[in-house]
Amino acid sequence: MSQSAGNTAAGVPQVDWTEAFDARSQAAFNQAFAPDVVLEATLLTRPIEGHERVARAMTVMSNIYESLEFTHQATSGRRTYLEWTAQALGGLRLKGVTVLVRDEQGRITTVAIHHRFLNESLLLSEHAGKQLLDVLGPDFFYDPAVRTR
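A brief structural summary.

Rules used in this analysis
All chains use their own residue numbering, which begins from 1 and follows the written sequence. For this predicted model, a pLDDT threshold of at least 70 governs which residues receive local features, and a threshold of 80 or more governs which side-chain atom pairs are given and counted, while totals over whole chains, interfaces and linings are taken from all residues. By convention in this description, side-chain values take in all heavy atoms of the structure and omit both hydrogens and water. Every helix listed is a DSSP run of H or I at least four residues long, and every strand listed is a run of E at least two residues long, numbered separately from the N terminus. Stacked, edge-to-face and tilted labels apply to pairs of Phe, Tyr and Trp rings (six-membered ring for Trp) whose centres lie within 6.5 Å, assigned for plane angles under 30 degrees, over 60, and everything in between, in that order. To sort residues, take the accessible area from a 1.4 Å probe on protein chains only and compare it with the maximum for the residue type: under 20% means buried, over 50% means exposed, and anything in between is partly exposed. Geometrically, a lysine NZ or arginine CZ counts as sitting over a ring once it is within 6 Å of the ring centre and also within 35 degrees of the ring normal. To estimate the expected span of a helix, subtract one from its residue number and multiply by 1.5 Å. Any two residues having at least one pair of non-hydrogen atoms within 4.5 Å are treated as being in contact.

Below, the discussion takes up unusual backbone geometry. Of the consecutive residues Arg116 and Phe117, the connecting peptide bond is found in the cis state with omega at 5°. Here Phe117 lies in the loop between strand 6 (108-116) and helix 4 (118-131). In this model, Arg24 sits at a positive phi of 55°, which is unusual for a non-glycine residue. As for its placement among the helices and strands, Arg24 is situated in the loop between helix 1 (16-23) and helix 2 (26-32). A positive phi angle, near 50°, is found at Leu89, a position not held by glycine.

Before going further, it helps to spend a moment on the packing of aromatic side chains. What describes a pair of aromatic rings is the distance from one ring centre to the other and the angle between the planes of the rings. Applying the stated rule across the entire model yields 8 aromatic pairs. Between Phe21 and Tyr65, the ring centres sit 5.8 Å apart and the planes meet at 55°, which makes this aromatic pair tilted. With Phe21 in helix 1 and Tyr65 in strand 3 (residues 65-76), this residue pair connects regions lying 44 residues apart in the sequence. For the ring pair Phe29 and Phe33, a centre distance of 6.0 Å and an interplane angle of 25° mean the geometry is stacked. With respect to class, Phe29 is no different from Phe33; both count as buried. Each member of the aromatic cluster is reached from another via a ring pair, and the members are Trp17, Phe21, Phe29, Phe33, Tyr65, Phe70 and Trp84. Between Arg46 and the ring centre of Phe140, over which it is positioned, the NZ or CZ distance is 4.0 Å.

Moving on, we come to helix 4. Taking 1.5 Å per residue as the helical rise, helix 4 with its 14 residues ought to reach 20 Å, and the 20 Å between its terminal C-alpha atoms agrees with that figure. Summarising the contacts, the buried residues of helix 4 are in contact with helix 3 (51-64), strand 3, strand 4 (79-88), strand 5 (92-102), strand 6 and helix 5 (133-136).

Put into structure tokens, the structure is as follows:
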């Protein structure tokens, strides 16, 4: 792990996740994930499961951001908590926390991405859903035309 490069603030070490986000490539995400990785996120209506699907989704989603900086990091056991700020879709400002859970080999088994705030999250979810429609189908992201209770 290198220190403070690309998309991390001073004092925040680079880890495979931050490096993959900086590279914005499926190959980089593939290296970080366990075969049974699960992605949970504020932007999703349900989890995305499986190495290839999660890596593809994260590649597309990381490319939606115009900028993203990991500002704080804490680790407890197999969990890493990364706070971040970002900009997407022509200036939409977001903040959030990502929780990574790792297996015994250090590969990421769970990614939980928590975005703030609601309006920005809904816009980003709708946009990501359009970008990933051919990969995941229509049921993973917010669609303003569909109302559920």
